Amino acid sequence: IPPPQVPPRLGKLELATRWVHNPKLVIPCPKALLKDKHKDKPGNELRTCVIRCRNLRIPGKKTGRKGVDPYVEMVLCGDIFTTKTRERNANPKFLDVRTYDVNEVELEDAPWQLTVW
């Protein structure tokens, strides 16, 4: 039996997700991701921040394109979020924040799809 075919690496996607604010775990993200006025209550919304992509593959000369125009699409619980497009950038920084009004029970079996286009 031949080994399974592994698709070539197209780059890396970095994503930050937080339920509550913990000062020890702060990363340089937009303030909207870090706000938490109700730290004493259980989380009922999921805040995500698409930080950046690194080393995205640039299409070959045959395509006629001179660079990549990436954006990220997130699908969670049927809700679709798309970042802004970063033109001609193989290492784009996004810092786009999305808040989902869901709780841990709803997310337990929910697939989370992230795609870099």
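A.B. asks: So what about the nonpolar core? Which residues, and what values?
C.D. replies: Leu46, Val72, Met74 and Tyr100 are the most contacted members of the largest nonpolar core, which totals 14 residues. Each residue touching Val72, except ones within four places of it in the same chain, is listed here: Leu13, Val50, Cys53, Phe81, Thr82, Thr83, Phe94, Thr115 and Val116.

A.B. asks: Lay out the environment of Glu73 in plain terms, naming residues and giving numbers.
C.D. replies: The residue Glu73 is located in strand 3 (residues 72–76) in this model. In the structure, Glu73 is positioned 40 residues away from Gln113 in sequence and 7.9 Å away in space, judged by C-alpha atoms. Setting aside chain neighbours within four positions, we find Glu73 in contact with Ile80, Phe81, Thr82, Gln113, Leu114, Thr115 and Trp117.

A.B. asks: Summarise the packing of aromatic side chains; cite the residues concerned and give the values.
C.D. replies: Aromatic rings considered in pairs are described by the distance between their centres and by the relative angle of their planes. Inspection of the entire model under this criterion finds zero aromatic pairs. Note that Arg98 overlies the ring of Tyr100, its terminal NZ or CZ placed 5.1 Å from the centroid.

A.B. asks: Quick one: what's the story with the environment of Pro70, residue by residue and with numbers?
C.D. replies: You can see Pro70 is positioned in the loop between strand 2 (46–54) and strand 3. Owing to a relative accessible area of 2%, Pro70 belongs among the buried residues under this scheme. In this structure, the C-alpha to C-alpha distance between Pro70 and Ala90, residues 20 residues apart in sequence, is 7.7 Å. Non-local contacts of Pro70, meaning those with residues more than four positions away in its chain, are made with Leu56, Lys84, Thr85, Arg86, Asn89, Pro92, Phe94, Val116 and Trp117.

A.B. asks: Please set out the sheet that holds strand 3 residue by residue, giving values where relevant.
C.D. replies: Sheet architecture is open: three strands sit in the order 4-3-6, paired in antiparallel fashion. Looking at which strands have only one partner, the edges of the open sheet turn out to be strand 4 (79–82) and strand 6 (112–116). On average, adjacent strands in this sheet sit at an angle of 15° to one another, irrespective of strand direction.

A.B. asks: Which residues make up unusual backbone geometry, and what values do they have?
C.D. replies: Apart from glycine, the bulk of residues carry a negative phi angle, and the bulk of peptide bonds sit in the trans form. Positive phi is not limited to glycine here, since Asn55 has a value of about 55°. Residue placement: Asn55 occurs in the loop between strand 2 and strand 3. The phi angle at Leu95 is positive, at roughly 55°, despite the residue not being glycine. By the element assignment, Leu95 lies in strand 5 (residues 93–100).

A.B. asks: Account for the pattern of salt bridges, with residues named and values stated.
C.D. replies: Evaluated as defined, the whole model comprises two salt bridges. Residue Arg98 is joined to Asp79 by a salt bridge in which the shortest nitrogen-to-oxygen separation is 2.2 Å. Linking Arg98 in strand 5 with Asp79 in strand 4, this pair joins segments that are 19 residues apart in sequence. A relative accessible area of 23% places Arg98 in the partly exposed class. Residue classification places Asp79 among the partly exposed residues on the basis of a relative accessible area of 27%. A salt bridge links Asp96 to Arg86; the shortest N-O distance between them is 3.5 Å. Taken together, the positions of Asp96 in strand 5 and Arg86 in the loop between strand 4 and strand 5 put the pair ten residues apart, joining distant regions of the chain. A residue is classified by how much of its surface remains accessible, and Asp96, at 13% relative accessible area, is buried.

What counts as what
- Residues numbered from 1 in each chain as written.
- Predicted model: local features only at pLDDT ≥ 70, side-chain atom pairs only at ≥ 80, totals over all residues.
- Heavy atoms only, no water.
- Core = buried A, V, L, I, M, F, W, Y, C linked by side-chain atoms within 4.5 Å.
- Buried < 20%, exposed > 50% of the residue type's maximum accessible area, 1.4 Å probe, protein only.
- Contact = heavy atoms within 4.5 Å.
- Helix = DSSP H or I, 4+ residues; strand = E, 2+ residues; numbered from the N terminus.
- Phe/Tyr/Trp six-rings, centres within 6.5 Å; stacked < 30°, edge-to-face > 60°.
- Lys NZ or Arg CZ within 6 Å of the ring centre and 35° of its normal.
- Pairing = 2+ DSSP bridges.
- Axes fitted to C-alpha atoms, helices over the stretch in contact; angles between N-to-C directions.
- Salt bridge = Lys/Arg side-chain N within 4 Å of Asp/Glu carboxyl O.

Everything listed here is a matter of coordinates, which is why it stays silent on function.
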